[in-house]
Amino acid sequence: MEEEYLTTIIKSSEIAFLSCLSEQDMRLKSYYEQTIFALTPNHQIKRCFVMDKLTLRRKIKTILNAKSRTSIIEDSKEIQNRIKQLSCVLNARTIFAYLPIKNEVDLSLLLGEWISDSRIVCVPIVNWTEQTMKPGLLTEINDTSIELTQHGVHEPVIKKLVPRDAIDLILVPGLAFDRGGRRLGRGGGFYDRFLQLVKPKLVFGVAFDEQVVDSVPVEGHDAIMTSVITPTRTIF
C-alpha cells in the first residue's frame, strides 16, 4: 500500500484549510494550505497535496541532495536533448538561461552549442543589494570567462548587458514545478520580478522528474511557466 512508503507525514487534523476566506481570498488560501508529504524509499515523491512553500522547499532539497552526480549529469543531458527538439526553440535567437548552482539541471553543453551557432545567450547578473537581476551576455563557458559570485551563482566576468526586449526564450530553474506550470523558487523572488519586466512569450521551467509535484503553492506575483521540461517529458 502507498502508506507503507511514508517517511514524513503531517496529520490531517493540522491541515489549515481556511474555509472562511472569500473567493477573492483564494490566492491567500492556497498559500497557507498545508498537506501530507510522502517519500518512497528511492526518494521519489509518491504523494503530494498542496503544502506551504517552506515545507516543500525543505523536502525537495532533501531529495536533490540524495541525487547522485552521475544521475544529475545524465538527466541534464536528456533535458538538453528535449529542449533542442522543440521547434519554438529552433527559432529563438536570443535566449536567457542560467549557469547552474549545486543540484540544478546543467544546461552548459546546450548553451555552448548555441554560442557556437552564433545565437545570443545571456544569463543572470545579480544585484544582491537591490534584489534584482539583468541579462548578461555569455560568450564562453570556461574558467577564465566565468566567475563565482555570492550564494554559488556563476556570472560572466565581463558584464555586458543584453536588452530585455530582445529575449525570445527564457529557461528557468527552480526547486519544484507542477503540471500547471506553477514554480517554486528558492524564496528570493528574483525570477518572478524579472519575468514581470520581460514578459516573453516562452518561459520554460527545467527540472528533474523528482521535482515535479502535484501542486505548488503560489501567490499573485508568482510567474507561470509556458512549459516544464524534465528528462522524460515535456509538460505544456
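Residues numbered from 1 in each chain as written. Predicted model: local features only at pLDDT ≥ 70, side-chain atom pairs only at ≥ 80, totals over all residues. Heavy atoms only, no water.

**Structural notes on the sheet that holds strand E12 (residues 212-213)**
Consideration 1: Taken together, the three strands give an open sheet; going across it, the order is E10-E9-E12, and neighbouring strands pair in mixed fashion. Whereas interior strands pair on both sides, the edge strands pair on one side only; in this sheet they are strand E10 (183-184) and E12.
Consideration 2: In terms of strand pairing, strand E9 (residues 176-178) meets E10 through two bridges, oriented antiparallel. Paired with phenylalanine 177 across the strands is arginine 183, a residue of E10. (Pairing = 2+ DSSP bridges. Helix = DSSP H or I, 4+ residues; strand = E, 2+ residues; numbered from the N terminus.)

**Concerning the packing of helix H3 (residues 69-84) against helix H5 (residues 108-116)**
Consideration 1: Relative to each other, H3 and H5 sit at 40°, their axes nearing to 9 Å. Here Gln80, Ile83 and Lys84 of H3 come into contact with H5, specifically with Ser108, Leu109, Leu110, Glu113 and Trp114.
Consideration 2: Residue composition of the contact of H3 with H5, grouped by class: four nonpolar, two polar and two charged. (Axes fitted to C-alpha atoms, helices over the stretch in contact; angles between N-to-C directions. Contact = heavy atoms within 4.5 Å. Nonpolar A, V, L, I, M, F, W, Y, C, P; charged D, E, K, R; others polar.)

**Some thoughts on helix H2 (residues 53-65)**
Consideration 1: Look at H2: 18 Å from first C-alpha to last across 13 residues, which is about the 18 Å you get at 1.5 Å a residue.
Consideration 2: Along H2, the positions that sit buried rather than exposed are Lys53, Thr55, Leu56, Arg57, Lys59, Ile60, Ile63 and Leu64.
Consideration 3: Measuring from the backbone nitrogen of leucine 54 back to the side-chain oxygen at the start of H2 gives 3.2 Å, which picks out aspartate 52 as the cap. (Expected span 1.5 Å × (residues − 1). Buried < 20%, exposed > 50% of the residue type's maximum accessible area, 1.4 Å probe, protein only. Polar contact = N/O pair within 3.5 Å; in protein donor to acceptor, adjacent residues only side chain to side chain.)

**What about the confidence of the model for the chain?**
Consideration 1: Scored by pLDDT, the chain comes out at a mean of 80, with 78% of its residues at no less than 70.
Consideration 2: Helix H1 (residues 26-32) is the least confidently modelled element of the chain, averaging 38 in pLDDT, while H3 averages 96, the highest of any element.
Consideration 3: For residues 1-50, every residue scores under 50 in pLDDT, and the model assigns this stretch 81 contacts once sequence neighbours within four places are set aside. (pLDDT = per-residue confidence, 0-100.)

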